[in-house]
Amino acid sequence: MINEIISMNGYGPYVWSAFMFTIVSFVSLYLVTKLQLLKEQKKYIAKFGSLSEAKTAVLREQKINREILLKSVITKI
Amino acid sequence: MFNFFNLGKLFQITSRSTKYVFILFIIVLTIGLSEALFLSPEDYKQSHSVRIMYVHVPAAWMALGIFSMMTFLSVGTFIFKNKKFYLVSKSLAPSGFIFNIIALITGSIWGKPTWGTWWAWDARITSMLILALFYFMYLLSWKIIENKNTVIKISSLIIIVGAINLPIIKFSVNWWNTLHQGPSLKIMGETTIHSSMLIPLGIMTAAFALFSLLIFLMKFNTEMIRIKNKGLDRL
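Let me sum up the structure you'll find in this document. (Residues numbered from 1 in each chain as written. Chains lettered and ligands numbered in written order. Predicted model: local features only at pLDDT ≥ 70, side-chain atom pairs only at ≥ 80, totals over all residues.)

**Side note on the overall build of chain B**
Item 1. Of the regular secondary structure elements, chain B holds 7 helices and 0 strands.
Item 2. Helices and strands in chain B line up, N terminus first, as α-α-α-α-α-α-α.
Item 3. For chain B, whose C-alpha radius of gyration is 20 Å, the value lies close to the compact-globule estimate of 18 Å for 235 residues.
Item 4. Principal-axis analysis of the C-alpha atoms gives chain B an extent of 65 × 40 × 30 Å. (Helix = DSSP H or I, 4+ residues; strand = E, 2+ residues; numbered from the N terminus. Rg over C-alpha atoms; globule rule 2.2 N^0.38 Å.)

**Observations regarding the nonpolar core**
Item 1. Ile-52, Ala-59, Ala-63, Phe-99, Ala-103 and Met-204 of chain B are the most contacted members of the largest nonpolar core, which has 69 residues in total.
Item 2. Elements supplying a minimum of two residues to this core: helix H2 (12-49) and helix H4 (63-76) of chain A together with helix H1 (7-39), helix H2 (53-80), helix H3 (83-115), helix H4 (123-144), helix H5 (148-162) and helix H7 (195-233) of chain B.
Item 3. It is H7 of chain B that contributes the most residues to this core, 15 residues altogether.
Item 4. With near-sequence residues (within four places) excluded, Met-204 of chain B lies in contact with Gly-32, Ala-36, Tyr-54, Val-55 and Pro-58 of chain B. (Core = buried A, V, L, I, M, F, W, Y, C linked by C-beta atoms within 7 Å. Buried ≥ 20, exposed ≤ 12 C-beta atoms within 10 Å, placed from the backbone. Contact = placed C-beta atoms within 7 Å.)

**A closer look at the environment of Phe-21 of chain A**
Item 1. As for its position among the elements, Phe-21 of chain A is in helix H2.
Item 2. For the pair Phe-21 of chain A and Glu-53 of chain A, spaced 32 residues apart in sequence, the C-alpha separation works out to 50 Å.
Item 3. Setting aside its immediate chain neighbours within four residues, Phe-21 of chain A contacts Ile-102, Ile-105 and Thr-106 of chain B.

**Looking at the packing of H3 of chain B against H7 of chain B**
Residue and element names in this part refer to chain B.
Item 1. In contact at an axis separation of 8 Å, H3 and H7 are set at 140° when each is read in the N-to-C sense. Accordingly, the angle class assigned to the pair H3 and H7 is oblique. The handedness of the crossing between H3 and H7 is right-handed. Where H3 approaches H7, its residues Leu-87, Lys-90, Ser-91, Leu-92, Pro-94, Ser-95 and Phe-99 are matched on the opposing element by Phe-208, Phe-211, Ser-212, Ile-215, Phe-216, Lys-219, Phe-220 and Glu-223.
Item 2. Counted by class, the contact of H3 with H7 contains 9 nonpolar, 3 polar and 3 charged residues. (Axes fitted to C-alpha atoms, helices over the stretch in contact; angles between N-to-C directions. Parallel < 35°, antiparallel > 145°, perpendicular 65-115°, else oblique. Left-handed = near helix turned anticlockwise from the far one by under 90°. Nonpolar A, V, L, I, M, F, W, Y, C, P; charged D, E, K, R; others polar.)

**Notes on unusual backbone geometry**
Glycine aside, the phi torsion of most residues is negative, and most peptide linkages are trans.
Residue and element names in this part refer to chain A.
Item 1. At Met-8, a position not held by glycine, the phi torsion is positive, near 45°.
Item 2. Within the element layout of this structure, Met-8 appears in the loop between helix H1 (2-7) and H2.
Item 3. With 18 C-beta atoms packed within 10 Å, Met-8 lands in the partly exposed category.

**Digging into the packing of H2 of chain B against H7 of chain B**
All names here are of chain B.
Item 1. The N-to-C vectors of H2 and H7 enclose an angle of 45°; their axes lie 9 Å apart at closest approach. Between H2 and H7, the crossing angle belongs to the class labelled oblique. For the pair H2 and H7, the crossing hand works out as right-handed. From H2, Met-53, Tyr-54, Val-55, Val-57, Pro-58, Ala-59, Trp-61, Met-62 and Ile-66 reach across to H7, where they touch Pro-200, Leu-201, Met-204, Thr-205, Phe-208, Ala-209 and Ser-212.
Item 2. The residue inventory of the contact of H2 with H7, partitioned by class, reads 14 nonpolar, 2 polar and no charged.

Any functional reading would require information that these geometric values do not contain.
Set out below in structure tokens:
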């Protein structure tokens, strides 16, 4: 049964390699994109942390800044 | 007209929906893979090699669909001068390029047992390769051009010029004698593919669309934070 699934009447190497290539491409693109996102979040937190209290208070008023900060904290957890 | 595209609101939606799209993608992909690899029947002519269709065809459809969307967005960038258009286009490109590469590689793998060759300079295959080159040029333009206004214009122009290739890809199998088979699935006309194969194909297409959406959301968030980082530099 398992041999049949693997060999697929001799077409197994073609079918499995096509599916494996697809999955590997998906995982690679997902990881690269995730790493880029985490890098930008980290950069944002570092820059935000170096600002004065008055400036951070103004930035926190904007929805997008609050959202990035919230997302970065959740990612860290 | 574009008040709906408030960046703060958009970021809230895109950042919060990522995990739900990821979970949905895993579920649909698992069902699709079980159907495509184990449950769907083998073809009476191509035997089990027909299973490659379940990754090859959705990948080609997605590559073409994403490029078409990028074309509309690039035209929009020129007409409306709205920066959200190029942001969406830039976020769509990586998944479109990967789908194009998957379509070419899996097509090549499928070609060996079916046609007896890994590659042929056939109209459909060559035009798909040209599409991959346009995707590559678009992504490369964002890497090498530093001036923001110049890169927006050049990258949009690359997509608009590349769009000429889209009808060529679609009708290449009708216009020329090619190794590649004609369309089995028609919007206007009879579909020649049996439901036992059409359903897994539909599920795999849904999984590929969800993956594209997932990458788009992550990439869009990255671009938004990058813009905010540049804003913090100016403070």
